[in-house]
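Residue-level structural notes
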Amino acid sequence: MEHRLSRNDPCWCGSGKKYKHCHLKTDRASQRVARRVPRGVIIKTEAQIAGIRKSSQLTRKILDMLETRIEPGLTTEQINTWVHEMTVANGAIPAPLNYRGFPKSTCTSINEVICHGIPSPERVLIEGDILNVDVTCILDGYYGDSSRMYLIGEVSEEARQLVAVTRECMYLGIQQVKAGNHVGDIGYAIQSYAEGYGYSVVRAFVGHGTGIQFHEPPNIPHYGAPGTGIELVPNMVFTIEPMINIGTYNVKILDDGWTSLTADNSLSAQWEHTVRVTNNGVEILTE
Ligand code: MF3
Ligand code: CO
Ligand code: CO
């Protein structure tokens, strides 16, 4: 699946130079084994990173705006309108709108809905709900993808713990992001923490490369074994977006073709950041 990079291959860093004219010497000095970047994985240039950072920061500001406004009695349609208006007011496009036929500008996923909930004027937020809002902006062609949980009024202890543990899962995954680690290290950190609480990790949806397209290779599963999967190299950009359920990880999809919920109707939570692999760790672009 992965091959050791040879002297005349293009360098893994995306410079366009031959490996022997680029990172070969420093890799040897650090005894790093360079591998071919897997097919389809884009190592971003500095200019692309600057664009993705800007888009990611707009996404963050939209999620911040919602923190100040979300309360019981609102409809998810109202949230969609705020997200849409702030996105376009900043010269950006809401990536979900018309993406593979998705009808709205953001996803609003409540309680047993895992992800891809469709905002609706019929759905009023009520005390005790847990809500995920997932925002992706396209600014100057670059994508920034992030989601957070919002607690609606007073929420049960059970739900609050699920939300807090899921957030911690995301950060434990992010802590594994550094050059030389593997995708499986991220999944393992998330899975072992979640299962320690008796929760399950959704398999049907995974994190993903992003930045130039909404969804790019590689997949970033939120489960797995240490040292497995592709190796992380500097300037890969991808999301970490664990979906954690109190009950089974199996999903069912409603007839609308989008709304994904837990097969046993147990509660589900999700948090998401877009991150970049740096030379010595990670940059959280949407924070
Ligand atoms: N933002 C979601 C993700 O994290 C994707 C939503 S696709 C949509 O990957 F069409 F539902 F918007
Ligand atoms: Co995503
Ligand atoms: Co998202």
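Here, every reference points to the structure presented above.
With respect to the helices and strands, the residue N219 is situated in strand β8 (residues 216-220). You can call N219 exposed: its relative accessible area is 53%. Between the alpha carbons of N219 and G229 there is a distance of 9.6 Å; along the sequence they are 10 residues apart. Once you skip the residues sitting within four places of it in the chain, N219 turns out to touch V183, V206 and G207.

Here we take up the site of ligand 1. In the vicinity of ligand 1 there are 14 residues, among which P96, H208, H215, E241 and E272 approach most closely. D134 is positioned with one of its side-chain polar atoms (N or O) 3.1 Å from a nitrogen atom of ligand 1. Contact between ligand 1 and H208: an oxygen atom at 3.0 Å from a side-chain N or O atom of the residue. Protein chains shield 96% of the accessible area of ligand 1, which is 330 Å² for the free molecule. The residue inventory of the shell around ligand 1, partitioned by class, reads 6 nonpolar, 4 polar and 4 charged.

Rules of the game
Residues numbered from 1 in each chain as written. Chains lettered and ligands numbered in written order. Predicted model: local features only at pLDDT ≥ 70, side-chain atom pairs only at ≥ 80, totals over all residues. Heavy atoms only, no water. Helix = DSSP H or I, 4+ residues; strand = E, 2+ residues; numbered from the N terminus. Buried < 20%, exposed > 50% of the residue type's maximum accessible area, 1.4 Å probe, protein only. Contact = heavy atoms within 4.5 Å. Near = heavy atom within 4 Å. Polar contact = N/O pair within 3.5 Å; in protein donor to acceptor, adjacent residues only side chain to side chain. Areas by Shrake-Rupley, 256 points an atom, 1.4 Å probe, with all protein chains shown as cover. Nonpolar A, V, L, I, M, F, W, Y, C, P; charged D, E, K, R; others polar.

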